[in-house]
Amino acid sequence: MTKGKITSIISNLLTINVDGPVGQNEICYVKHNDVELRSEVIKVFGDTVYAQVFESTSGVKIGSEVNFTGSMLEIELGPGLLSKNYDGLQNDLNKMESIYLKRGEYTYALDDAVYEFAPTAKVGDQVTGGDWIGEVSEKWINHKIMVPFAFTAYGKIKSIAKKGPYTNKDVIAVIETDTEELEVKMSQKWPVKVPIRNYKNKPRPFKILETGQRAIDTLNPITEGGTGFIPGPFGAGKTVLQHAIAKNGEADLVLFTACGERANEVVEIFKEFPELVDTRTGRKLAERTTIICNTSNMPVAAREASVYVGMTIAEYYRAMGLKVLLLADSTSRWAQALREMSNRLEELPGPDAFPMDLTAIISNFYSRAGFVHLNNGETGSVTFIGTVSPAGGNLKEPVTESTRKAARCFYALAQGRADSKRYPAIEPVDSYSKYLEYDEFIDYSNENISQNWVEKVNQTKDIVLKGREAADQISILGDDAVPLDYHQQFWKSEVIDFVILQQDAFDKIDMNCPIERQVYMLEYVLRFCNESLDFEAFEEISEFYKKAINLMKQMNYSEFNSKEFKKYEQEMEHKIKERRTEY
Ligand code: ADP
Ligand code: MG
């Protein structure tokens, strides 16, 4: 293998003089005292190689030896990934002796546990990379054992293990081609920067993925295999919203990548998820969640790795035919790590000193999400939602702009809404879902959803817009100087805001709003807004609507269709009757 010597050190960027060939993104180890520090090649220029060290380089000396490995940053894929807490380089955080891994210490990502393997293929079967040849139970998941993705030829199964207990290190099958024999284990390695492409095709996503959040599902739905992002200034509620989606999202599996954000937020998930129960399946949330955590106190260089590790694990489970939801908080921290490195390399800077190819990097990453048809006819999906933290809430900055080109859903959090505690602070008019533009493609898989859903969504947005105009007029001209209609218009938009848009992430019932309930509430609220009601003074209007909003919010806080829910609904009916215009 190629060896090298360090010729310069700038923070965690090394310049290395090498004695042989080196590949882009190759992993190398820097000798420092009695440990080896893992690093990644980021630029090759003749026999000069630039590498970023994934940890602190303090004390590393010029002239130190570097050993190249010939492989890119790879992770372990196999039974045992579920419910693990990893750092950005897939070190198992539960295996750490203290709070931090020691420098140069790397842990095995999977475990030595014994799994009951059951073959689903037989000797003589023709197989290729990604084909299912057996399964093991990993918690509740039927974890498929697959032919290594890297095997792109076709081969015959020469032998396959009988049903029985095996570990990740045992050979469970041998595949032969004319030229080679391949030993297959239950686990395999895969380079994180390379998409796993062992599927037949990737059609446009068409089926809604319920997040349980009204402001998303009702107004701007995301699809299974879709992409979305949540930009918002500090404190606008990005993390709370992502946690809510992680808890209530309708996925088989949730991967949460904490990238460069504060550590205490991640500690909250570590503590909270093992306690919380998934309402759909009755299982503990932790049983469907894997956390990849590279918080602000961990090495900056591993931030980039952490989002790729998350995506690669997501693609792995997608290849098993599962519905995977990947969340990353925050992709801006990743972009900032790229910027730091690009600046140290003295590359020609793009806008705001981010790398010139930022847009391409972000697009390539987002394009790894998607809904796929596997070779065996099954389907799987990776849905990705990232947060972006634009400095000062400026949505024109490069990371937001680049992400907007890549993601199909845009959930902008507005400072003003957060300031007035209107959570989630998703801006109802500026936000969008491009999936909604293709109404015929959105499959809600639910008879309760009427065909003209998009019409209703547009009507809702229209009420919000009209409400804003009315509010402007009222504030310019004064309460008394505008027609009563304006007041009603304003209050109708408040009804939409309080009853549909706002949702309490910390209320036991309101935190998750299943789609049936969302449909019911939207239709209910729209019917209410279409009532023609009679008032004599603007004070009457605000008094009436405040009470109505209160009752409808109580409906949101009650179990759907419970006695309590119906009671509030009847009270509403009573109130409306008093005001209904008589013809
Ligand atoms: P960000 O990640 O954008 O910096 P956070 O998600 O940490 O912001 O939210 C900041 C605070 O706002 C939270 O601690 C919480 O008090 C409040 N908050 C945000 N979203 C909600 C919500 N949906 N329901 C109730 N409170 C919320
Ligand atoms: Mg946050």
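What you are looking at is a predicted structure, and each value in this text was computed from that prediction instead of being measured. (Residues numbered from 1 in each chain as written. Chains lettered and ligands numbered in written order. Predicted model: local features only at pLDDT ≥ 70, side-chain atom pairs only at ≥ 80, totals over all residues. Heavy atoms only, no water.)

It is worth spelling out the overall build of the chain at this point. A count of helical and extended segments in the chain gives 13 helices and 25 strands. Taking 25 Å as the expected radius of gyration for a compact globule of 583 residues, we find that the chain reaches 27 Å, a close match to that expectation. Considering only C-alpha atoms, the chain reaches an extent of 90 × 55 × 40 Å along its principal axes. When each of the 583 residues of the chain is scored for burial, the buried share is 56%. Long-range contacts, defined as pairs at least 24 residues apart, comprise 70% of the intrachain contacts of the chain with a sequence gap of at least 6. With an accessible surface of roughly 25,000 Å², the chain has 50% of that area assigned to carbon and sulfur atoms. Distance from the positive charge centre (68 side chains) to the negative charge centre (85 side chains) of the chain: 2 Å. (Helix = DSSP H or I, 4+ residues; strand = E, 2+ residues; numbered from the N terminus. Rg over C-alpha atoms; globule rule 2.2 N^0.38 Å. Buried < 20%, exposed > 50% of the residue type's maximum accessible area, 1.4 Å probe, protein only. Contact = heavy atoms within 4.5 Å. Areas by Shrake-Rupley, 256 points an atom, 1.4 Å probe, with all protein chains shown as cover. Lys, Arg positive; Asp, Glu negative; His and termini not counted. Charge placed at Lys NZ, Arg CZ, Asp CG, Glu CD.)

So, on to the domain arrangement of the chain. Under the domain assignment, the chain is made up of domain 1 (3–72), domain 2 (112–186), domain 3 (200–441) and domain 4 (453–582). Listed per partner, the contact involves 11 residues of domain 2 and 15 residues of domain 3. For the pair domain 2 and domain 3, the summed buried surface comes to about 1,100 Å²; carbon and sulfur atoms form 64% of the total. Summed over the three residues of domain 2 that lose the most area to domain 3, namely Trp 132, Trp 140 and Ile 141, the buried surface amounts to 52% of that side. (Domains from an automatic or database assignment. Buried area = accessible area lost by both parts, 1.4 Å probe.)

Below, the discussion takes up the pairing of strand β16 (residues 181–185). Bridge count for strand β15 (residues 171–176) against β16 is five bridges, and the pairing is antiparallel. Residue pairing in the sheet places Ala 173 in a bridge with Val 184 of β16. Hairpin connection from β15 to β16: four residues lie between these consecutive antiparallel strands. (Pairing = 2+ DSSP bridges.)

The tally for this structure, following the rule as stated, stands at zero disulfides. The closest cysteine sulfur to the non-disulfide-bonded Cys 293 is located on Cys 259, 10 Å from its own sulfur. On the basis of relative accessible area, Cys 293 is assigned to the buried category, the value being 5%. (Disulfide = S-S within 2.5 Å.)

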